[in-house]
Amino acid sequence: MDPVTEDRAPEPLTEYAHRLTRRVRAFDRCHPLLWDLHFTGFWVTAALIDYAGDGWRHNAHDLDVPGWLLLVLSLGLSVPLLRRRTHPAAVLAAMVPFALVNAWTGAALQASLLQLVPVYHLALRRPLRNLWWATALVIAPVLVSIARYGEGTWDQQIGSHLMSVTVAVLIGVTVRTRRNYTDALEDRARRLEIERDQQTQLATAAERARIAREMHDIIGHNLSVITGLADGGRYAAGKSPERAAQALDAIATTSRQALTELRRLLDVMREEEQDRASRSPQPGLTDLGTLLDGVRSAGLPVHTTVHGSPTLPPGRQLTVYRVIQEALTNTLKHGGPDATAEIELSYEDKGAVTATITDTGNGSRTEGTARGGTGGRGLPGMRERTALYGGTLEAGPRPHPERGWCVRLHLPEEIPQ
């Protein structure tokens, strides 16, 4: 098929017809009895016109059929159509006795052809196995007429009626198939819409969790450093104004750094849909020096030991950075004034890395406080980051008699995709 033809917009007349059909179907679903009354009334009127206008005489085998019988037969072959959609089998069964009397008396009313209407609805709404007995019921009056009046050959009479039944069945099956196909498409579209909404909600929740982790890491760490610097500056203000001025300078530097990271995060949040890969606010291993300088200026001595050369992708670098940042932030908060920290980084082949952060704090922390308090986003957030790479994160007090806490991160080798 030509792509141009396939993508071509529908013609205005076709679109109007589709729109009109949808409106009629919607109205019919809301008011089925109204349409049934109109449909039945039309055929009852047509049957009565055929009776009153003597049109039946053109096909009748016996012109002496009583008028009252013709009226009864006309109504009996048309009025049951009112229930054709809900009870097509019962309607056909109710019409058959009138059709048999119509054939036996020789009236040959054209209203007998209305039996094809319930046959159509049987093909449309009921299992197709019902068509065998329905066809037999429709053919039975034809056999009676042939046997009694003998006009025409058997194959001509039965063949023409079988052809009429076949056409009615094919129309019903075609409409049924199209309805089933349309219903399947609507159901699929509805399920896809629900799935799309669910995916959007999941993506929104994941994005919120990521932003919460980043905000915690940025704000929590920098505020802890600023708090430590402010406390030190307050104590030094009376004895050493120069140290107090240095503390204020460090506070200003840390604040500006925090604002810069927040601006980066907010900028990427606005632009990540357009160019997520080209812009990244997350820090990496090259930013560890700045982090450690800020922690040292806040009064926490930190010693670093590195084994091997870092060859980590940005995602793993961010995880290592955030774990170190969280561990040092907790030491600043809970380690006490005489605490020191030591970081040991071991880089292995294929992206494997182990980071051990220990401190010599007073050891008064609990698991809850180490995690940032009840409901905090500290170490639980770090564990979530670590799990993304199949790693492990352990945090707890150092074994007796040593004081302080130990946080150990291990990321295994990257699995080739």
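Keep in mind it's a predicted model, so treat the numbers as computed, not measured.

1. Some remarks on helix 11 (residues 314-334)
Consideration 1: Relative to the 30 Å expected for 21 residues at 1.5 Å per residue, helix 11 spans 30 Å between its end C-alpha atoms, a close match to the ideal helical length.
Consideration 2: Most of helix 11 is tucked away, with 16 of its 21 residues classed as buried.
Consideration 3: Where helix 11 ends, the next residue or the one after it, Gly336, has phi of about 95°, a positive value.

2. Focus on the environment of Gly351
Consideration 1: Among the secondary structure elements, Gly351 is positioned in the loop between strand 2 (341-347) and strand 3 (353-359).
Consideration 2: The buried category is assigned to Gly351, whose relative accessible area is 2%.
Consideration 3: When residues no more than four places from it in sequence are discounted, the contact partners of Gly351 are Thr311, Leu312, Arg316, Leu411, Pro412 and Glu414.

3. A closer look at the packing of helix 5 (residues 88-105) against helix 6 (residues 116-125)
Consideration 1: Viewed as axis vectors pointing N to C, helix 5 and helix 6 meet at an angle of 155°, and their least axial separation amounts to 9 Å. In terms of orientation, helix 5 lies roughly antiparallel with respect to helix 6. Considering how the two elements wind past one another, helix 5 and helix 6 form a crossing that is left-handed. Side by side, helix 5 and helix 6 meet where Pro88, Ala89, Val91, Leu92 and Met95 of the first sit next to Pro118, Val119, His121 and Leu122 of the second.
Consideration 2: Broken down by class, the residue content of the contact of helix 5 with helix 6 amounts to eight nonpolar, one polar and no charged.

4. Some points on helix 7 (residues 130-149)
For an α-helix, the turn length of 3.6 residues means that residues three or four places apart are oriented alike.
Consideration 1: Compared with an ideal rise of 1.5 Å per residue, which puts 20 residues at 28 Å, helix 7 spans 30 Å between its outermost C-alpha atoms and is within 8% of the ideal.
Consideration 2: In the structure, helix 7 departs most strongly from a straight axis at Ile139, where the bend amounts to approximately 30° and where the proline Pro141 lies between one and four residues downstream.
Consideration 3: Within helix 7, burial applies to Asn130, Leu131, Ala134, Val138, Ile139, Pro141, Val142, Ser145 and Ile146.
Consideration 4: Of the residues trailing helix 7, Gly150 is marked for its positive phi of about 65°.

5. Overview of unusual backbone geometry
Consideration 1: Of note in the backbone geometry, Ala108 takes a positive phi value of approximately 50° without being a glycine.
Consideration 2: Inspection of the secondary structure puts Ala108 in the loop between helix 5 and helix 6.

6. What to know about the sheet that holds strand 5 (residues 405-411)
Consideration 1: Reading across from one edge, 1-2-3-5-4 is the order of the five strands in this open sheet, with mixed pairing throughout. The open sheet terminates on both sides in strands that have one partner only, identified here as strand 1 (302-307) and strand 4 (392-397). Put simply, the sheet's adjacent strands are angled 10° from each other on average, direction ignored.
Consideration 2: Taken strand by strand, helix 11 contacts strand 1, strand 2, strand 3, strand 4 and strand 5, and its axis lies near 175° from that of strand 5.
Consideration 3: Sheet strands touched by helix 13 (residues 379-388): strand 4 and strand 5. Its angle to strand 4, the strand with the most contacts, is close to 155°.

7. Concerning a nonpolar patch on the surface
Consideration 1: Together, Leu13, Tyr16, Leu20 and Val24 make up an exposed nonpolar region whose accessible area comes to about 420 Å².
Consideration 2: Checked against the element boundaries, Tyr16 lands in helix 2 (residues 12-30).
Consideration 3: Tyr16 sits in the partly exposed class, given a relative accessible area of 45%.

8. Details of the pairing of strand 3
Consideration 1: The element strand 3 is largely enclosed, with a buried count of six among its seven residues.
Consideration 2: The sheet contact formed by strand 2 and strand 3 spans seven bridges and is antiparallel. Paired with Glu344 across the strands is Thr356, a residue of strand 3.
Consideration 3: Counting the residues in the hairpin turn of strand 2 and strand 3 gives five residues, including Lys350, whose phi is positive at 60°.
Consideration 4: Where strand 3 meets strand 5, six bridges bridge the pair, whose relative direction is antiparallel.

9. Some points on the pattern of salt bridges
Consideration 1: Taken as a whole, this structure holds six salt bridges when the rule is applied.
Consideration 2: Put simply, Arg296 and Asp293 hold a salt bridge, and the shortest N to O gap is 3.6 Å. With Arg296 and Asp293 both in helix 10 (residues 288-297) and three residues apart, this pair spans about one turn of that helix.
Consideration 3: Taken together, the salt bridges that share partners define one network made up of Asp36, Arg84 and Arg85.

10. Re the nonpolar core
Consideration 1: One finds Val302, Val320, Ile324, Leu328, Ile343, Leu345 and Ile357 to be the most contacted residues of the largest nonpolar core, which totals 29 residues.
Consideration 2: Broken down by secondary-structure element, the contributors of at least two residues to this core are helix 10, helix 11, strand 2, strand 3, helix 13, strand 4 and strand 5.
Consideration 3: With six residues, the single largest contributor to this core is helix 11.
Consideration 4: Ignoring any residue separated from it by four or fewer positions in sequence, one finds Leu328 in contact with Leu292, Val295, Leu300, Val302, Ala341, Ile343 and Ile357.

Calculation notes
Residues numbered from 1 in each chain as written. Predicted model: local features only at pLDDT ≥ 70, side-chain atom pairs only at ≥ 80, totals over all residues. Heavy atoms only, no water. Helix = DSSP H or I, 4+ residues; strand = E, 2+ residues; numbered from the N terminus. Expected span 1.5 Å × (residues − 1). Buried < 20%, exposed > 50% of the residue type's maximum accessible area, 1.4 Å probe, protein only. Contact = heavy atoms within 4.5 Å. Axes fitted to C-alpha atoms, helices over the stretch in contact; angles between N-to-C directions. Parallel < 35°, antiparallel > 145°, perpendicular 65-115°, else oblique. Left-handed = near helix turned anticlockwise from the far one by under 90°. Nonpolar A, V, L, I, M, F, W, Y, C, P; charged D, E, K, R; others polar. Bend = angle between axes of the 7 residues up to and from the residue. Pairing = 2+ DSSP bridges. Patch = residues over 30% accessible without salt bridge, like charges linked within 9 Å, V, L, I, M, F, W, Y side chains within 5 Å. Areas by Shrake-Rupley, 256 points an atom, 1.4 Å probe, with all protein chains shown as cover. Salt bridge = Lys/Arg side-chain N within 4 Å of Asp/Glu carboxyl O. Core = buried A, V, L, I, M, F, W, Y, C linked by side-chain atoms within 4.5 Å.

Functional significance is not addressed by these values, which are geometric in nature.
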